[in-house]
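If you want the building blocks of each chain, they are given just below.
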Amino acid sequence: MKILVVGSGGREHAIGWKLKQNLSVELYFAPGNGGTEEIGENVNIKINEIDKLIDFAKQNEIDMTVIGPEAPLTMGIADEFNKNGLRVFGPSAEGAKLEGSKTYAKQFMNKYDIPTAKYDVVTSIEDGLNVLEESSYPIVLKADGLAAGKGVIICDNKEQAETTLRDILDTGIFGDAGSSVVIEEFLVGKEVSLLCFTDGETIIPMETASDYKRALDNDMGVNTGGMGSISPSPYYTPGLGDEIAQKTLHGIKSEGIDYRGVIYIGLILTPDGPKVLEYNVRFGDPETEALLPRLKTDLIKVMSKTIDKQLAECNLYWSSDKAVTVIMTSKGYPDKYDVGFDITIPETKSIAFHAGTSKVNSDSCNKVVTAGGRVLAVTALGESFDDARKTVYQDVANIVFQGSTYRKDIGVVV
Ligand code: AMP
Ligand code: GLY
């Protein structure tokens, strides 16, 4: 079976690694990274080059394409693949609006009685200032569209909120993504990522995970794409998010959305119960690198059943082990950093998923070098978080590249 995975991060390497456990699989990655090249063939097509991806899938008789990132999904890649009779794992553009437009997502939650923070949507400074006048602080401002993970700003006071509002609506720091702004109540609680498979008829929650967004230990420093993750979330009681998952499915069905993929429900566990902070329409990164090593079920089967709308026939089985994933980054990330440094990875007990790496192949050398901010996602399993932490940090200490930086507190349960 030939499978094409679209994307180039640690998430896509982890998806490929899991798919590859089925020995019948031949993998292709577009564009992939230094690690995916070890388990498949990297194809030099970008994630937004939908026509080229379709041509490639047709010419190479790809049986199934798995879309990693959100951007091509919001552009309608799944719709185009479906139109061309190609099997694809990922929601339609209509479904991808749950991530692509925060206004749409909030309206969806309201319509289907899904608990979430109270909010207003504004498109003008004047309306925004009126809302800010009536608000208590801190408050959260969100650019409506995709903003590379930077579109959510927590403002401690009115002055900061006013400046942020002007930055988004007037100055246009997020471009079109900021043509409207969601202003929402600040919620407090532990955050849990509840990823679910859905085929639009059935929804099956996976085990939970949590990511570590801040750059520095003890959740200090700026927000990043993710500095680590753990699975399961130690704060989550199984079943807690089931009602929200079912209501989400009900909404998807009622809206007539073709949704065959993963819906990632970003939960916050407040004193008033779990609420939805956000939806993502794909696997999370780096949650996937902690989740998939715990999944015992054949991922190809789950994805195929999802595409065929037969997910009801699937059960998911999980290892009871705990997983800890440490992201090794290039010094300076998420701001400026240098790339091109040699990476040495010795034999490890952990799994070293590649993210920002590339392979240099020539007659004289064959090596892997750094090529991005998040370089590797290193995952260990253990009977306890402490066991997994011990293993992962021993291995991380032995993986060498210039400027390697990582948090030391991933998996410390407080
Ligand atoms: P993003 O993943 O970029 O949508 O940003 C979401 C992050 O911003 C969440 O993981 C939270 O940490 C934070 N956040 C978003 N909405 C709220 C809210 N209403 N209250 C508190 N924190 C929030
Ligand atoms: N880990 C957060 C995300 O994938 O958006």
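Everything quoted here is computed from the prediction, not taken from an experiment.

1. Things to note about the overall build of the protein chain
Point 1. When helices and strands are tallied, the protein chain shows 13 helices and 21 strands.
Point 2. A compact globule built from 414 residues should have a C-alpha radius of gyration of about 22 Å, and the protein chain, at 21 Å, falls within 12% of that.
Point 3. Projected onto the principal axes, the alpha-carbon positions of the protein chain cover approximately 65 × 45 × 40 Å.
Point 4. Looking at the protein chain as a whole, 54% of its 414 residues are labelled buried.
Point 5. In the protein chain, the share of contacts with a sequence separation of at least 24, taken over all contacts with a separation of at least 6, comes to 67%.
Point 6. Summed over all atoms, the accessible surface of the protein chain reaches about 17600 Å², with 46% contributed by carbon and sulfur.
Point 7. Across the protein chain, the 42 positively charged side chains and the 60 negatively charged ones have centroids separated by 3 Å.

2. Quick look at the site of ligand 1
Point 1. Contacts to ligand 1 come from 14 residues, most closely from E184, L187, E191, K213 and E278.
Point 2. Within the side chain of E191, one N or O atom sits 2.5 Å away from an oxygen atom of ligand 1.
Point 3. A distance of 2.8 Å separates an oxygen atom of ligand 1 from a polar atom in the side chain of E278.
Point 4. When ligand 1 is considered free in solution it has 490 Å² of accessible area, and contact with the protein chains removes 86% of it.

3. Notes on the packing of helix α8 (residues 125–134) against helix α9 (residues 158–171)
Point 1. Viewed as axis vectors pointing N to C, α8 and α9 meet at an angle of 160°, and their least axial separation amounts to 10 Å. Considered as vectors, α8 and α9 are oriented roughly antiparallel to each other. The way α8 lies across α9 gives a crossing that is right-handed. Residues I125, G128, L129, L132 and E133 of α8 touch α9, and the partners they reach there are K158, A161, E162, L165, R166, L169 and D170.

4. A few points about the nonpolar core
Looking at soluble globular proteins, one finds that nonpolar side chains tend to be buried together.
Point 1. In terms of nonpolar packing, the biggest core is built from 45 residues, with L98, I265 and Y279 touching the most fellow members.
Point 2. Element by element, the count of residues in this core is highest for helix α3 (residues 50–59), at five residues.
Point 3. Setting aside its immediate chain neighbours within four residues, I265 contacts V192, S193, L194, C196, I244, A245, T248, V276, E278 and Y279.
Point 4. The next biggest cluster of nonpolar side chains, apart from the first, holds 31 residues, and it includes L27, V302, L311 and L316.

5. Notes on the packing of aromatic side chains
Point 1. Tallied over the entire structure, the rule returns ten aromatic pairs.
Point 2. Summarising the aromatic geometry, the rings of F108 and Y279 are spaced 6.0 Å apart at their centres and angled 85° between planes, so their arrangement reads as edge-to-face. Note that F108 is positioned in helix α7 (residues 102–111) and Y279 in strand β15 (residues 273–280), a separation of 171 residues in sequence.
Point 3. On the accessibility criterion, F108 (3% relative accessible area) is buried.
Point 4. Y279 sits in the buried class, given a relative accessible area of 2%.
Point 5. Both rings, one in F197 and one in F283, keep their centres 6.1 Å apart while their planes meet at 80°; by these two values the pair is edge-to-face. Taken together, the positions of F197 in strand β10 (residues 190–198) and F283 in the loop between β15 and α11 (287–291) put the pair 86 residues apart, joining distant regions of the chain.

6. Examining the pattern of salt bridges
Should the charged atoms of two oppositely charged side chains come close, the side chains can pair.
Point 1. Inspection of every chain in the model, using the stated rule, returns 23 salt bridges.
Point 2. Residue K247 pairs with D113 through a salt bridge whose shortest N-O separation is 3.3 Å. Remark: D113 occurs in the loop between α7 and β6 (119–122) and K247 occurs in helix α10 (residues 242–254); sequence separation between them is 134 residues.

7. Describing the site of ligand 2
Point 1. D211, Y264, N280, R282, G284, D285 and E287 make up every residue found near ligand 2.
Point 2. In this structure, E287 approaches ligand 2 through a side-chain N or O atom, which is 2.8 Å from a nitrogen atom.
Point 3. Of the residues belonging to the shell around ligand 2, the class tally is one nonpolar, two polar and four charged.

8. A short note on the sheet that holds β15
What links the strands of a sheet is backbone hydrogen bonding, and the strands pair in either a parallel or an antiparallel sense.
Point 1. With antiparallel pairing, four strands are arranged side by side in an open sheet as β11-β10-β14-β15. Strands with a single pairing partner mark the edges of an open sheet, and in this sheet they are β11 (203–205) and β15. Neighbour-to-neighbour, the strand axes of this sheet turn through a mean angle of 35°, independent of strand direction.
Point 2. Pairing geometry for β10 and β11, over three bridges, is antiparallel. Counted as the bridge partner of C196 is P205 from β11.

9. Things to note about the side chain of N280
Point 1. Relative to the helices and strands, N280 is located in strand β15.
Point 2. Classification of N280 as buried rests on a relative accessible area of 5%.
Point 3. A distance of 3.4 Å separates polar atoms of two side chains, one belonging to N280 and the other to R282.
Point 4. In contact with N280, other than residues within four places in its own chain, are E99, Y259, V262, I263 and Y264.

10. A few points about the pairing of strand β16 (residues 322–330)
Point 1. Among the nine residues of β16, eight are classified as buried, and the element is accordingly described as predominantly covered.
Point 2. Sheet topology note: the strand β13 (residues 220–231)/β16 ladder contains four bridges and is antiparallel. Along β16, the bridge assignment pairs I230 with V324.
Point 3. Bridge count between β16 and strand β20 (residues 374–382): eight bridges; the pairing is antiparallel. Looking at β20, one finds that V326 is bridged to V378.

11. Thoughts on the packing of helix α1 (residues 10–19) against helix α12 (residues 299–307)
Point 1. Packing of α1 against α12 leaves a shortest axis separation of 8 Å and a crossing angle of 105°. By the angle between their directions, the pair α1 and α12 is classed as roughly perpendicular. Along the contact surface, α1 presents I15, K18 and L19, while α12 presents L299, I300 and M303.
Point 2. Here the contact of α1 with α12 is composed, by residue class, of five nonpolar, no polar and one charged.

Reading guide: rules and limits
- Residues numbered from 1 in each chain as written.
- Chains lettered and ligands numbered in written order.
- Predicted model: local features only at pLDDT ≥ 70, side-chain atom pairs only at ≥ 80, totals over all residues.
- Heavy atoms only, no water.
- Helix = DSSP H or I, 4+ residues; strand = E, 2+ residues; numbered from the N terminus.
- Rg over C-alpha atoms; globule rule 2.2 N^0.38 Å.
- Buried < 20%, exposed > 50% of the residue type's maximum accessible area, 1.4 Å probe, protein only.
- Contact = heavy atoms within 4.5 Å.
- Areas by Shrake-Rupley, 256 points an atom, 1.4 Å probe, with all protein chains shown as cover.
- Lys, Arg positive; Asp, Glu negative; His and termini not counted.
- Charge placed at Lys NZ, Arg CZ, Asp CG, Glu CD.
- Near = heavy atom within 4 Å.
- Polar contact = N/O pair within 3.5 Å; in protein donor to acceptor, adjacent residues only side chain to side chain.
- Axes fitted to C-alpha atoms, helices over the stretch in contact; angles between N-to-C directions.
- Parallel < 35°, antiparallel > 145°, perpendicular 65-115°, else oblique.
- Left-handed = near helix turned anticlockwise from the far one by under 90°.
- Core = buried A, V, L, I, M, F, W, Y, C linked by side-chain atoms within 4.5 Å.
- Phe/Tyr/Trp six-rings, centres within 6.5 Å; stacked < 30°, edge-to-face > 60°.
- Salt bridge = Lys/Arg side-chain N within 4 Å of Asp/Glu carboxyl O.
- Nonpolar A, V, L, I, M, F, W, Y, C, P; charged D, E, K, R; others polar.
- Pairing = 2+ DSSP bridges.

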